[in-house]
Amino acid sequence: MVHFRDTYLKAYQGMLLARILDDKFASLYRGAKIHGGVFLGRGQEALSVAIGLFLNKGDVFAPLIRDAAGRLAFGEPVIDAVRTYLGSPLGPMRGRDGNVHRGRPTEGYLPMVSHLGAMISVVNGVLMAHRFKGIKGTVGAASIGEGGTSTGAFHEGLNQAAVEKLPLVLVVANNQYAYSTPNSRQFACNDLLDKAIGYGVAGHAVEGNDLGACLRVMREAVDKARNGGGPQLVIANLLRLCGHGEHDDSHYIDSKYKAEQFGRDCLKVAEEYLLQEKWADAKTLNCWRDEATHKVEEAVAIVQREPTPDPYQENWTALASKHLNDGFNK
Amino acid sequence: MVHFRDTYLKAYQGMLLARILDDKFASLYRGAKIHGGVFLGRGQEALSVAIGLFLNKGDVFAPLIRDAAGRLAFGEPVIDAVRTYLGSPLGPMRGRDGNVHRGRPTEGYLPMVSHLGAMISVVNGVLMAHRFKGIKGTVGAASIGEGGTSTGAFHEGLNQAAVEKLPLVLVVANNQYAYSTPNSRQFACNDLLDKAIGYGVAGHAVEGNDLGACLRVMREAVDKARNGGGPQLVIANLLRLCGHGEHDDSHYIDSKYKAEQFGRDCLKVAEEYLLQEKWADAKTLNCWRDEATHKVEEAVAIVQREPTPDPYQENWTALASKHLNDGFNK
Amino acid sequence: MSITYLEAIREAQAKALADDPRVFIYGQDVGKFGGAFKATKNLAQEFPGRVIDAPISEDAIIGAAIGAAIEGMRPIIEMQFADFSTVAFNQIVNNAAALFWRTNVPCPITVRLPSGGTSGGGPYHSQSLEALYAHYPGLVVMTPATVEDAYSMLLEAVAIDDPVIFCEHKYLYYHLKAERLPTEAMPVGKARIARPGRDMTIVAYSAMVHEALAVAEELATEGTEVEVVDLRTIKPLDTDTVMASVARTGRLLCVGEAFPWGGVTAEVIARVASEGFGLLDAPPQRLNAKDTPVPYHPNLWAVHRPTARSIAAAARNLIRL
Amino acid sequence: MSITYLEAIREAQAKALADDPRVFIYGQDVGKFGGAFKATKNLAQEFPGRVIDAPISEDAIIGAAIGAAIEGMRPIIEMQFADFSTVAFNQIVNNAAALFWRTNVPCPITVRLPSGGTSGGGPYHSQSLEALYAHYPGLVVMTPATVEDAYSMLLEAVAIDDPVIFCEHKYLYYHLKAERLPTEAMPVGKARIARPGRDMTIVAYSAMVHEALAVAEELATEGTEVEVVDLRTIKPLDTDTVMASVARTGRLLCVGEAFPWGGVTAEVIARVASEGFGLLDAPPQRLNAKDTPVPYHPNLWAVHRPTARSIAAAARNLIRL
Ligand SMILES: Cc1ncc(C[n+]2csc(CCOP(=O)(O)OP(=O)(O)O)c2C)c(N)n1
Ligand SMILES: Cc1ncc(C[n+]2csc(CCOP(=O)(O)OP(=O)(O)O)c2C)c(N)n1
Ligand SMILES: [Mg+2]
Ligand SMILES: [Mg+2]
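Not measured: the values here are computed from a predicted model. (Residues numbered from 1 in each chain as written. Chains lettered and ligands numbered in written order. Predicted model: local features only at pLDDT ≥ 70, side-chain atom pairs only at ≥ 80, totals over all residues. Heavy atoms only, no water.)

**So, the coordination of the magnesium ion (ligand 3)**
No. 1: Around the magnesium ion (ligand 3), the protein contributes the donor atoms Glu146 of chain A (OE), Glu146 of chain A (OE), Asn175 of chain A (OD1) and Tyr177 of chain A (O), which lie 2.0 to 2.6 Å from the metal centre.
No. 2: Of note is the magnesium ion (ligand 3), whose six donor atoms meet at the metal with angles of 53 to 173 degrees in an arrangement that counts as irregular. (Donors = N, O, S within 2.8 Å, 3.2 Å for Na, K, Ca; no water. Tetrahedral: all angles 85-135°; square planar, octahedral: opposite > 155°, others 65-115°.)

The following block contains the structure:
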């Protein structure tokens, strides 16, 4: 139980950091300091952090737009996130791509493309490569929303993993909406968990706003995948507590959901649990919050002093083989 | 039971006609009278004919490559098939498309594109149009192979039908192979029927070489769809008793399957049943065979006397709006 | 009263729905929500049951549109961004576009593609895909540059018996305004002289028309009279109007926001060079986006695509050739 | 001994597998069966575990190749027909092609596309998609016309750090033979003078090179010396070699088997017209397939695509201009 407590505390701090980072992006967006969209994970941090937390070095993770917590837990430095949102040339995406489209592929952290579902098979490919190279015991995790389960790419990717018996953990965050589209217009099964058997993969359900539950289920799923159990499909029930992006007031979210147990803010739920278990007191929580805020503010301050991309320094070449570049950008 | 007997007899004759037509295509292929591939439904006629038989005028059918029997049962004249294979300008595809890529869209008979899975959502669209127009009681049937279930298009199409609660009957002919690829490399579920629940649709299993079973199950599925039961997924177990195409000797088919009950030739199984039930005697069977052979030979003889397409009569325009044709083919 | 390019698109859809019972709209979030850009705002409320939210299944969305079109409907499909049409690519180019040629049955679907770059859009929310669709036989590809064309061409797209790829430019959505909606329009397939001039022809389409017009304005102060041709539709491409303009000016610069290899500018130049070689007093020139994905940061984005500045430079260069 | 174009492709893959443990092959029926065209015949047996049958999931096939490439592997993907790559389009153009530019991590995958028309192939087994892939930034697009190039360019495709679209022509599979496999090769990205001549340049690639060579042969008897340039790689496109040829001949005819709008012929002509205008003694001309899907019946197919006959007619026309 000590072990679980440690994990919980670590996870909580990850959630907190993600929340504060997201809040900062929201405020930078309102201040017109960010170009384009801002996409937050508010309400989904418990699930997301649990994904990142049980992955090891050598594992691979393909997060999506609401995975700030999972990214940090997987090891993303706060400054990578800030640099990407602000388009800093010093960030991993160098101003070429932005916001949630970030990663460090050689570190197992895959940068999402926007097209939903597309990253699942990419994770499969990494795991197939591990098999070719004789690397054992690694796991790949991919996130998807319940809306993303309607894509052909989701289906092909999960089926491919099942055929290859890959250690894929595919986590579906069912937050009841895809942008404005409710589940009734997205799928017709009683429970997304019912999909598992049709792929021949293991299925897990979890209340996505209960950090303890997320940690238990995700640990189990990751362990099973790591130990040869093949693909694991995790279905989490939760609610997005923000707009689709920061431009969206999410007025379409049915208020009935907010009254549900799973509609409660996972961060609050975790805090209450911490206090109840006396794993932390109010003062400690405040202290952690200040630390996280400081970390985020510091990163933002650094990045805001960094140069912006200089188009005349750009080589404008899409190929690694420079000599094969066509003559357009001469 | 009288009624069932009539249906059975009609179905058997449809299977027989399809078999003889297919055999004729095979022989024309061997005689180099057909350009490109020839794709047969040998071993799958019982299932296929059952699909076509329960569809009415106003219904829609999107057959695939092994559906000669279903096409005929749906009302395709033999000569349409022959003209398409031989590329006659008088056929529905006018030599522009060929072999199994044929249909008459305005008669509910959709011409497949090669890309597997793509026709399912097209059937959905026809059914949605019926709904818009207030047409009630129609059904749409689409065929797919077990290999085709791995396509994104299959998934999106079935899910779309489920969300829209469309009267779609989706028939999966699980003939154990996709070209040379065995099921172990195609999917990992225990039974393709397990997919139904994940889409929230009804599922049906059937021995695909037992005509009686196919008729019973397909009638039930079509009736349920017609009466508001939403999409029906039918999974048939069978064996392809020919190559993927006539160029293929299908050496890769595991002989164990041929020894299985479902590996028996559905036409033979049906004949035995007819004889056993005394619904027909050997003489009648021979007579039907001769009739069917005559029908096919007659159609081929007609088409072989028809002109071939004249490229200089072609208008070479892909648009219905002639005035919007770009200037290339002037 | 004034109306934006985006509102014109909404109004055209409202009119199509009102005038023709065969029309319906299908796409992600197009229903009660009114679409990611609000191009279908209130339409679900005004036309109950005819504006339908789709699952995230672009392939099946187009497939269903084809089936409905076969049954005589006139679906309008909204892709949330043009970039996501790449997962519906097969249905568009191999099913919709080929249907009429294969079967003689028309496939009247309209696919709306919110296209082109905006600052901060990045590689996957900025693409201009007109060339992909124009390359395949069987599609009409429209690229309206004005509020009036956004309105009237969308109505025509719905009326045409063929599948139409309607590339509407996101940058113009809010930036472009007109006093009123048009009551008449040029025929589909005809290019428009957006500004007459005798010294040089700039052929452009969609958002680049406005960059070209700005350049014409600027170069006029230097004594160079630029004629700007707005292609309006890039397939069919109105070679005659382009050629007539080049016959007047002797000089051709073709500008597009898409990737540089192939595409509209290559097609225009190839046509003029092969059919109107003698009209040219100088080598025809072109300007496109750079040969990389569309960058996220505004600094990079502004240089990636042609702008009035880079077009003016190219134009000044051409006038000296 | 003689070796076909198809066998050369098999041999190149065998050599790549033998030489480089990072190489594996993934695609439908490529394993024990040896592929729909037998391009991987016996490779699964010779290289156990490294030639893998895929489900009918083109999108996921390319996705997996990308993931494997990120991990340092060198996957070779076989599409069963080029036409089916349209369902993998998004992964190719938006994921594989953009990866290096976005992240600085290379994506060395080779996608083999059995391309081009054969008699009886019809609309969905005949397509030439090089232009689609060349339009998007981030891809190298190869179109080998000879047995030697099929072999050496495929080896180079595997060696290159970028995603390569390898368009191998199905018509050449069995028709084209060479005495032996090459031991050296021209650099990737360089075009080849397939036949020298002083009166006219015909630029071609893939199967059309052979039609062009037949025309050169025929026109030689009429006293016209045609220079045939084989592009080999259409992205990058070797403008220098084309331009040098046109500088010698003054006349350009560009021939491709793909659909006519945009594409290789437009790109070549646009480059020559804008960068080598003064070299041209006559309007540059082009010849492509017709602007319809590829027809099934041999009578129609033979007229749909350019052939020695139609090319010769265009060439005779051009020499008189
Ligand atoms: C293939 C594709 N189509 C459309 C989009 C546009 N889009 C971005 S996010 C989104 C909604 C996603 O919903 P869901 O998968 O439930 O994730 P959530 O936003 O709820 O976390 C849509 C439609 C996309 N990214 N990819
Ligand atoms: C998207 C796509 N990929 C590949 C092919 C090539 N192909 C044609 S038939 C076939 C096998 C189909 O197997 P299955 O679905 O089981 O049907 P069967 O042939 O067994 O009846 C393949 C791979 C195709 N038609 N479409
Ligand atoms: Mg969601
Ligand atoms: Mg099969």
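**Topic: the pattern of salt bridges**
Between side chains of opposite charge, a pair can form when the charged atoms approach closely.
No. 1: Applying the stated criterion to the full structure yields 74 salt bridges over all chains.
No. 2: Residue Glu272 of chain B pairs with Arg264 of chain B through a salt bridge whose shortest N-O separation is 2.8 Å.
No. 3: A single salt-bridge network, built from bridges that share partners, covers Asp326 of chain A, Arg286 of chain C together with Glu267 and Arg271 of chain D. (Salt bridge = Lys/Arg side-chain N within 4 Å of Asp/Glu carboxyl O.)

**Quick notes on the coordination of the magnesium ion (ligand 4)**
Residues and elements named next belong to chain B.
No. 1: With distances of 2.0 to 2.6 Å, the protein atoms coordinating the magnesium ion (ligand 4) are Glu146 (OE), Glu146 (OE), Asn175 (OD1) and Tyr177 (O).
No. 2: In this structure, the magnesium ion (ligand 4) is surrounded by six donor atoms whose angles at the metal cover 53 to 173 degrees, and the resulting shape is irregular.
No. 3: In primary sequence terms, the donor set of the magnesium ion (ligand 4) follows E-x28-N-x1-Y. Note that Glu146 is positioned in the loop between strand S2 (140–145) and helix H6 (152–164) and Asn175 in the loop between strand S3 (168–174) and strand S4 (177–178), a separation of 29 residues in sequence. Both residues of the pair, Glu146 and Asn175, belong to the buried class. (Helix = DSSP H or I, 4+ residues; strand = E, 2+ residues; numbered from the N terminus. Buried < 20%, exposed > 50% of the residue type's maximum accessible area, 1.4 Å probe, protein only.)

**Describing the packing of aromatic side chains**
No. 1: Applying the stated criterion across every chain yields a total of 52 aromatic pairs over all chains.
No. 2: Ring geometry for Tyr8 of chain B against Tyr273 of chain B: centres 4.9 Å apart, planes inclined by 40 degrees, an arrangement best described as tilted. A residue pair is termed long-range when its members are at least 10 positions apart, and Tyr8 of chain B in helix H1 (residues 2–30) and Tyr273 of chain B in helix H10 (residues 266–276) qualify at 265 residues.
No. 3: Residue classification places Tyr273 of chain B among the partly exposed positions, given a relative accessible area of 24%.
No. 4: With a centroid separation of 6.3 Å and 45 degrees between ring planes, the pair formed by Tyr5 of chain D and Tyr173 of chain D is classed as tilted. Taken together, the residues Tyr5 of chain D in helix H1 (residues 5–19) and Tyr173 of chain D in helix H7 (residues 170–175) connect sequence positions 168 residues apart. (Phe/Tyr/Trp six-rings, centres within 6.5 Å; stacked < 30°, edge-to-face > 60°.)

**Some points on the sheet that holds strand S1 (residues 60–62) of chain A**
Residue and element names in this part refer to chain A.
No. 1: Pairing is parallel in the open sheet, where five strands are placed in the order S1-S2-S3-S7-S6. On the outer flanks of this sheet lie S1 and strand S6 (202–207), each paired with one strand and no other. Recorded for the sheet is a direction-independent mean angle of 20 degrees between the axes of neighbouring strands.
No. 2: Relative to strand S2 (residues 140–145), S1 runs parallel, the two sharing three bridges. For Phe61, the partnering residue across the bridge sits in S2 and is Ala141.
No. 3: Against the sheet, helix H5 (residues 118–133) engages S1, S2 and strand S3 (168–174), with an angle of about 175 degrees to S2. (Pairing = 2+ DSSP bridges. Axes fitted to C-alpha atoms, helices over the stretch in contact; angles between N-to-C directions. Contact = heavy atoms within 4.5 Å.)

**Some remarks on the side chain of Arg305 of chain C**
No. 1: Within the secondary structure, Arg305 of chain C sits in the loop between helix H11 (298–304) and helix H12 (308–320).
No. 2: If we skip the residues at most four places from it in the chain, Arg305 of chain C touches Met208, Glu211, Glu257 and Ala289 of chain C.

**A short note on the relation of the copies chain C and chain D**
No. 1: Superposing chain C onto chain D requires a rotation of 180 degrees together with a translation of 0.0 Å along the rotation axis, leaving an RMSD of 0.0 Å. Here the two chains are linked by the operation of a two-fold rotation axis.
No. 2: Looking at the interface residues of chain C, 100% of them are also at the interface in chain D, so both copies use one shared face. (Least-squares fit on C-alpha atoms with pLDDT ≥ 70 in both.)

**Thoughts on the side chain of Lys24 of chain B**
No. 1: Position of Lys24 of chain B relative to the elements: it lies in helix H1.
No. 2: Filtering out sequence-adjacent residues up to four positions away, Lys24 of chain B remains in contact with Val296, Glu297 and Val300 of chain B.

**Here's the deal with the interface of chain C and chain B**
No. 1: Taken together, the contact pairs 47 residues of chain C with 42 residues of chain B.
No. 2: Across the interface of chain C and chain B, roughly 3500 Å² is buried in total on both sides, 61% from carbon and sulfur atoms.
No. 3: Considering only the side of chain C, the residues that lose the most area to chain B are Glu71, Trp101 and Arg102 of chain C, jointly responsible for 24% of the buried surface there.
No. 4: At the junction of chain C with chain B, the criterion picks out three salt bridges.
No. 5: The closest approach of N and O atoms between Glu71 of chain C and Lys133 of chain B, which form a salt bridge, is 3.6 Å.
No. 6: Seen at the junction of chain C and chain B, the total is 21 residue pairs in polar contact (both at pLDDT 80 or more).
No. 7: Elements with a contribution of two residues or more to the side of chain C that touches chain B: strand S2 (23–27), helix H3 (58–70), helix H4 (89–103), strand S12 (233–235) and helix H10 (263–275) of chain C. (Buried area = accessible area lost by both parts, 1.4 Å probe. Polar contact = N/O pair within 3.5 Å; in protein donor to acceptor, adjacent residues only side chain to side chain.)

**Quick word on the interface of chain C and chain D**
Note: interface size is frequently given as the accessible area lost on complex formation between the parts.
No. 1: Of the residues lining the interface, 47 residues belong to chain C; the matching set on chain D comes to 47 residues.
No. 2: Taken together, the two surfaces of chain C and chain D that pack against each other cover about 4400 Å², and 68% of this comes from carbon and sulfur.
No. 3: On the surface where chain C and chain D come into contact, there are four salt bridges.
No. 4: Linking Lys235 of chain D and Asp291 of chain C is a salt bridge whose minimum nitrogen-to-oxygen distance equals 3.0 Å.
No. 5: Linking chain C with chain D are 24 residue pairs in polar contact (both at pLDDT 80 or more), by the criterion used here.

**Focus: the site of ligand 1**
No. 1: Around ligand 1 sit 19 residues, and of these Arg66, Gly148, Asn175 and Tyr177 of chain A together with Glu58 of chain C come closest.
No. 2: Residues close to ligand 1 are split across chains A and C.
No. 3: A distance of 2.9 Å separates an oxygen atom of ligand 1 from a polar atom in the backbone of Gly147 of chain A.
No. 4: In the complex, 94% of the free accessible area of ligand 1, which totals 590 Å², lies under the protein chains.
No. 5: Considered class by class, the residues forming the shell around ligand 1 number seven nonpolar, nine polar and three charged. (Near = heavy atom within 4 Å. Areas by Shrake-Rupley, 256 points an atom, 1.4 Å probe, with all protein chains shown as cover. Nonpolar A, V, L, I, M, F, W, Y, C, P; charged D, E, K, R; others polar.)

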